[in-house]
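Each chain, letter by letter, is given below.
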Amino acid sequence: MAKSKVIKSEEFQQNNEAGENTAEVIYDTPSKIPDATKTIPSKLPVLPLKDIVLFPYMIFPILAGRESTIAAINKSVEKDKFILLVTQLDEKIEEPTFENLYRTGTVAKILQVLRLPNGLIKVLVDGLVTAKVEKFYSDKYITADIKIRNVPFKTDTELEALIRQATKLFTDYVQTNRVIPQETLVAYENIKEPDRKLFYIASTINADVHKKQQVLEITDLHKQYYEILYMLGSEMEVLNVEKEIDAKIYQTMQKNQRKFIVQEQIRILQDELGEGMESDPELIKLREQIENSGMPEPVMKKAVDEFSKLKKMPSMSPDYSVIRNFLDWMVSVPWNKATQDNFDLKHAKKILDEDHYGLDKAKDRIIELIAVLKLLKEKNIKKTPKGQILCFVGPPGVGKTSLGKSIARALSRNFVRISVGGVRDEAEIRGHRRTYIGSMPGKIIQAMKKAGSTNPVILIDEIDKMSSDFRGDPSSAMLEVLDPEQNSTFNDHYLDVDYDLSGVLFITTANVYYNIPLPLLDRMEIIEMSSYLDFEKVQIAKRHIIPKEILEHGLTTEMISFPDEVLLKIIQEYTREAGVRSLEREISSIIRKTTREIVENTAKKKKKEINIVVSDELVEKFLGVQKYKQKLADDKDKNKIGSVVGLAWTSMGGDILNVDVTIMKGANKFILTGKLGDIMKESAQAGFSYIKSNAGLFRIPESFFKEKEIHIHLPEGAIPKDGPSAGITMIMAMLSAITKCPVRTDVAMTGEITLRGHVLPIGGLNEKLLAAVRSGIKTVLIPMDNEKDLQEIQKEIIDKLKIIPIEKVEDGIKYVFKDKKVVFRK
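These numbers were taken from a predicted model, which means no experiment stands behind them.

Notes on the packing of aromatic side chains
- Scanning the model with the defined rule gives 12 aromatic pairs in all.
- Taking 5.8 Å as the distance between ring centres and 25° as the angle between the ring planes, the aromatic pair formed by Phe55 and Phe199 counts as stacked. In this pair, Phe55 sits in the loop between β3 (43-49) and β4 (59-64) while Phe199 sits in helix α5 (residues 194-204), placing the two residues 144 residues apart along the sequence. There is no split in this pair, since Phe55 and Phe199 are both buried.
- When the centroid spacing of 6.2 Å and the interplanar angle of 35° are considered together, the rings of Tyr188 and Tyr200 count as tilted. Pair noted here: Tyr188 is in helix α4 (residues 183-189) and Tyr200 is in helix α5, with a separation of 12 residues, a long-range link. Pair check on accessibility: Tyr188 and Tyr200 agree, each one buried.
- One aromatic cluster is present, built from ring pairs that chain together Phe670, Phe688, Phe704 and Phe705.
- Between the NZ or CZ atom of Lys197 and the centre of the ring of Tyr188, over which it lies, the distance is 4.2 Å.
- When the ring centre of Phe705 is taken as origin, the NZ or CZ atom of Lys692, which lies over that ring, is 5.8 Å away.

Details of the pattern of salt bridges
- Using the criterion set out here, one finds 28 salt bridges in the structure.
- One salt bridge connects Asp328 with Arg324, and the closest N-O pair in it is separated by 3.4 Å. Placement of the pair is Asp328 and Arg324 together in helix α10 (residues 318-332), with a separation of four residues, close to one helical turn.
- We classify Arg324 as buried; its relative accessible area is 17%.

Observations regarding helix α18 (residues 534-552)
- Its 19 residues give α18 an end-to-end C-alpha distance of 25 Å, which sits within 8% of 27 Å, the value for a rise of 1.5 Å per residue.
- The axis of α18 is deflected most strongly, by about 45°, at Ala541.
- For α18, the full list of buried residues reads Asp534, Glu536, Lys537, Val538, Ile540, Ala541, Ile545, Ile546, Glu549 and Ile550.
- Gly554 sits one or two positions beyond α18 and adopts a positive phi of about 75°.

Digging into a positive patch on the surface
- Taken together, the side chains of Lys43, Lys75, Lys79 and Lys135 present a region of like positive charge at the surface.
- As for its placement among the helices and strands, Lys135 is situated in strand β7 (residues 121-138).
- Relative accessible area serves as the criterion here: at 47%, Lys135 is assigned to the partly exposed category.

With respect to the nonpolar core
- Grouped together as the largest cluster of nonpolar side chains are 54 residues, with contacts concentrated most on Phe392, Phe562 and Ile587.
- Leaving out residues up to four positions away in the same chain, Phe562 has contacts with Ile546, Leu567, Ile570, Ile587, Ile590, Ile591 and Val614.

Here's the deal with the confidence of the model for the chain
- Averaged over the chain, the pLDDT score is 81; the fraction of residues at 70 or greater is 89%.
- Contacts for the low-pLDDT stretch residues 1-34, under 50 throughout, to residues beyond four places or in other chains number 78 contacts.

Digging into the side chain of Thr594
- Looking at the secondary structure, you find Thr594 in helix α20 (residues 581-605).
- Sequence-distant contacts of Thr594, defined by excluding residues within four places in its chain, comprise Ile560, Ile612 and Phe622.

Things to note about helix α24 (residues 765-774)
- The buried count for α24 comes to eight of 10 residues, which makes it a mostly enclosed element.
- For α24, the set of buried residues is Leu765, Asn766, Glu767, Lys768, Leu769, Leu770, Ala771 and Ala772.
- With its phi angle positive at about 80°, Gly776 sits one or two positions after the end of α24.

Side note on the packing of helix α23 (residues 727-739) against helix α26 (residues 809-816)
- Direction vectors running N to C along α23 and α26 enclose 60°, while the axes themselves pass 11 Å from each other. Comparing their axes, α26 and α23 come out oblique. Seen from above, α23 lies across α26 with right-handed handedness. Across from Ile731, Met732 and Leu735 in α23, the residues of α26 making contact are Val809, Gly812, Ile813 and Val816.
- In terms of residue class, the contact of α23 with α26 is built from six nonpolar, one polar and no charged.

A few points about the packing of helix α11 (residues 345-355) against helix α12 (residues 360-378)
- Between α11 and α12, the shortest axis-to-axis distance is 10 Å and the interhelical angle comes to 155°. By the angle between their directions, the pair α11 and α12 is classed as roughly antiparallel. In the packing of α11 onto α12, the handedness of the crossing is right-handed. Contact residues: Leu345, Ala348, Lys349, Leu352 and Asp353 in α11; Lys363, Ile366, Ile367, Ile370 and Ala371 in α12.
- Here the residues of the contact of α11 with α12 are counted per class, giving seven nonpolar, no polar and three charged.

Brief notes about the sheet that holds strand β14 (residues 505-510)
- Sheet architecture is open: five strands sit in the order β10-β11-β14-β9-β15, paired in parallel fashion. Unpaired on one side and paired on the other, β10 (415-419) and β15 (525-528) mark the two borders of the sheet. Here the strands of the sheet are splayed against their neighbours by 25° on average, with no regard to which way each runs.
- In terms of strand pairing, strand β11 (residues 457-461) meets β14 through four bridges, oriented parallel. Of the residues in β14, the one forming a bridge with Val457 is Leu505.

Thresholds, definitions, all that
Per-chain numbering applies: the sequence of each chain, read as written, is numbered from 1 onward. With the structure being a predicted model, the display of local features is reserved for residues of pLDDT at least 70 and the display and counting of side-chain atom pairs for 80 or more, all residues being used for whole-chain, interface and lining totals. In computing side-chain properties, one takes all heavy atoms of the structure into account and sets aside hydrogens as well as water. Here is the rule: rings of Phe, Tyr and Trp (six-membered ring for Trp) pair when centre to centre is within 6.5 Å. Planes less than 30 degrees apart are stacked, more than 60 are edge-to-face, and the remainder are tilted. Helix numbering and strand numbering both begin at the N terminus, where a helix is a DSSP run of H or I of at least 4 residues and a strand a DSSP run of E of at least 2. Three labels apply to residues, based on accessible area from a 1.4 Å probe with only protein chains included: buried if under 20% of the type maximum, exposed if over 50%, partly exposed otherwise in between. Remark: a charge is flagged as sitting over a ring if the NZ atom of Lys or the CZ atom of Arg is within 6 Å of the ring centre and within 35 degrees of the ring normal. A pairing counts as a salt bridge when a side-chain nitrogen of Lys or Arg comes within 4 Å of a carboxyl oxygen of Asp or Glu. An expected span of 1.5 Å times one less than the residue number is assigned to each helix. The reported bend at a residue is simply the angle between two axes, fitted to the 7 residues ending at it and to the 7 residues beginning with it. Each patch groups residues whose relative accessible area exceeds 30% and which form no salt bridge, using 9 Å between like charges and 5 Å between nonpolar side chains of Val, Leu, Ile, Met, Phe, Trp and Tyr. Residue exposure ignores everything except the shown protein chains as possible cover, and the areas themselves are Shrake-Rupley values with a 1.4 Å probe. As used throughout, the charge tally considers Lys and Arg to be positive and Asp and Glu to be negative, leaving His and the chain termini uncounted. In this description, the location of a charge corresponds to atom NZ of lysine, CZ of arginine, CG of aspartate or CD of glutamate. Nonpolar core, defined: a set of buried Ala, Val, Leu, Ile, Met, Phe, Trp, Tyr and Cys residues in which side-chain atoms within 4.5 Å join the residues together. Residues are treated as being in contact if the distance between any of their heavy atoms lies within 4.5 Å. pLDDT: the predictor's confidence for each residue, scored from 0 to 100. Convention adopted: a line fitted to C-alpha atoms gives each axis, helices being fitted over their contacting stretch, and angles between N-to-C directions are expressed from 0 to 180 degrees. By the definition adopted for this analysis, an angle is roughly parallel if under 35 degrees, roughly antiparallel if over 145, roughly perpendicular if from 65 to 115, and oblique otherwise. Each helix crossing is assigned a hand: it is left-handed if the near helix lies turned anticlockwise from the far helix by less than a right angle, otherwise right-handed if that turn is clockwise. Residues were grouped as follows: Ala, Val, Leu, Ile, Met, Phe, Trp, Tyr, Cys and Pro as nonpolar; Asp, Glu, Lys and Arg as charged; and all remaining residues, including Gly, as polar. Pairing between two strands requires that DSSP report at least two bridges joining them.

Okay, structure coming up:
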C-alpha cells in the first residue's frame, strides 16, 4: 500500500540529492504538462492511497513498496505516465479490494520515479483532474474505467463572497495553527483560479480524510466551497479551544512560578533579618507539636532536622509533602503519654466474669499476668515480665478477640485490634521506606497512633494465617515486635527511629498453633480455648447474647424470653460450631422477626403489655426446617462389620469420623478414597502393613491377601481430611472387614499407630471427647500418653464417657469387637 505526504517538487529532488544519491532515476519529466487532460486514456492503472486525498493541481511524493502497487507504477511509466489515485475507505486494510476504494479519485501524471536501495519506489505525481470510476478490474494490479469530471463554474457574486469568506477563515486558520508555516499564505495569494484556491485549502487543512473525500466528490464548485467553509469553521473551533487550554496552563505556570519567587524572596529576607520563626501558621503549629511531643532526644533531633529542611523547601517541591507527612506521623504517635493502669485483681476478675462465661484457664492466666504487672510497678521495675505475650488458640467464635477487649477494660487501657490474616508483605509490619511513593508506617505504628498511649493492649488477630512471598516474611518481622528483649527499640522503616513498645501488652489469637512458625511460637505462651458444651452455650446465650440482642432491637427482657429447652433446640438443630457466632445470628433472627410481629400487632390491637415466650413452634416458624441433624453414632445396626467410629479435630472443633472398609476379589490393590491427605494415606498404609505382618496373631491365613482388593473410604468426601490420629480407627475397621467380626457402634477411638502396633499421643483431646459426647458415644479409646491430659478436661465431659487409655492396638480389641472371634494365638 502506498503512503503519501505533501512536499514541494523541489524538495523531492533535494531529498534525492541529499540522502538518496544511490537511487536509480527511472523517469524524469517537467512538472508543467500543457493540455494533459486531453490525452488521458479511459482506462488507467489504480494506485490506492491510505491516509491522504490527492486534489488536482497538487504535487505529492508517494512511497510504494507492495508488488501490485509497483507493477501499476511501472505500467504507467511504460505507457503514458497517467495513473489514477484513489483513497481507501479503511486505511487499516493492507490488501484493498474494490469495495474498500472510493469511486472518485484524481488522475495524476508521474513526474519522477526513483528506485531506492531497499527495494521501495518513490514516485512524484502531479494531480491533474478529478475522475469518476466506472468499473474496477483486477489482475496483477488494479485498473479502472474512468470518466473525466470537469467541474464547471461561473464567476458570480455568490462565488466571490464564498472565496472571500474562505480566504478570511483560511488566513485565521494558518495564523492560529502553529504547525503550518506562514509562507503557505503567500503561495495561496498567488493563486488566481477559484477551483485551484479551493483545492489548495482542502489539501492544507488538517481535516479527516473522509471529509476531504466529500469535497472531491461534490460536482458543484459553490457546494465545494460551502463544504470547505464548514470544515474550516470546525477546525477553528478546535484550535480556539486548544488556544484557551494553552492560555490556562500558561497562567497556572506563571502563578506557581510567581508564588515560588515570592516565597524565596521572603525566605532570603528572613535569613537576612535573622528571624527564626516561620511565617506560615501551619509550620508554627507543627513546630509547637514537635516541641511538646515528648520525643526522646535522638528522635527530637531527627524531627528538628527534617523540620529545618521543610522550612527551606518550596511547597511545590515533590519532597515537601513527603517530609510534611513524615513529621505529621512523628507528632501523632504517642511518645510519653500513658494511661493510668488499674491492677485491682478483684476488679479484673469481675470484668472477665461479666464478659465471658467459663474460660477458667484463660481467666486464671490473665489474673496471674495482672498480679505480676502490679508487683513490678510497685517495685518500680520497668523490665517486661517474661511470658507476657499470651496467645489464645481455639476454634472460631469461642471468645478469643472479646477476651482481649476485656483485658484492656480490666486494666483501664486503650484497646487496638490488628488483623494479620493473609498478610504477606514484611512492610505491612515494619512499614515502607520513605523513598517509595505513597509509603506509610506499618500496622504496629498505625496501631500506636490509633491507641494514643504508650501502654495500650494490642490484639494481633489471626497470627496463624500470616504467610510469606517474594516481598518478605512478615512473621520474621513480628519476632522483634513480640520479643520483650527487643521491642523496646522497635525500628519502623518509615519513621526510621527507635520506638519503645515495652509498655504495650500484646495479645495474639490463632485457630491452630501448628501453623505459627516455631521462632514466633517460642515467644508466646499458648492458652488453648476449647469448644463450648451445649449447656455452656445455653448459659452464654442467657447471660450475654439475648440481653445484647434485645437491647439492640429496642425490646425489653419483659417482652420476650427464651426457655432453656428452646435454646438447646436452636443449638442442636440450627447450629453446628465450636463457638457461638451462628447461635448469635439465629437468636438475632428470631428477635428481629418477633419485633416485626410485635410492631404489627401493636398497630392493629393497641396492646400495651407484651410478653412473648419463644416456643419450639416459633423457632420452626422463624428459622424454618431443621438445618442440622445431630450426627450420632449409628446405633441402628449394633453389629456392623468393617465400619468403625473415629474422632477428628479441626480448626472448627471436634467431630466424629466414620471409617468404612470393604474387601473384594481382584488384583492386589489398596484403595483409599474420601479426599484424604498424604499423612492419613501413610497412616492407612502403616496400619495395613501392621495387620499383614501380624496376620498369624489375628488368625488370618497367609493366602488371604492374595488377589484381594481392600478399599478404605471416609464419608463426606467433599471435605478434606488429614492427620495421623485415625490410624487406630483404620486398623480396627480393616480387622473387622477381614475377620468378618462386627464392632460396637458406641465405641470411638483416636490415636496414631506405628508399624509395631504402638498407639502414640494425639492433639485436640478435649474437642474430640466433646464430639463423642454430642454424638452419643459411650466409650472412647485414647493413647496411654494422653491420660495425663484428662486432668484438664471438663468434669461434665468425663462424667458422660468411659475413657480407656491403651498402649498398643491389641489392648483395644476387646473393647471394640462385640464377640470373641478375634483372638490371639498363644
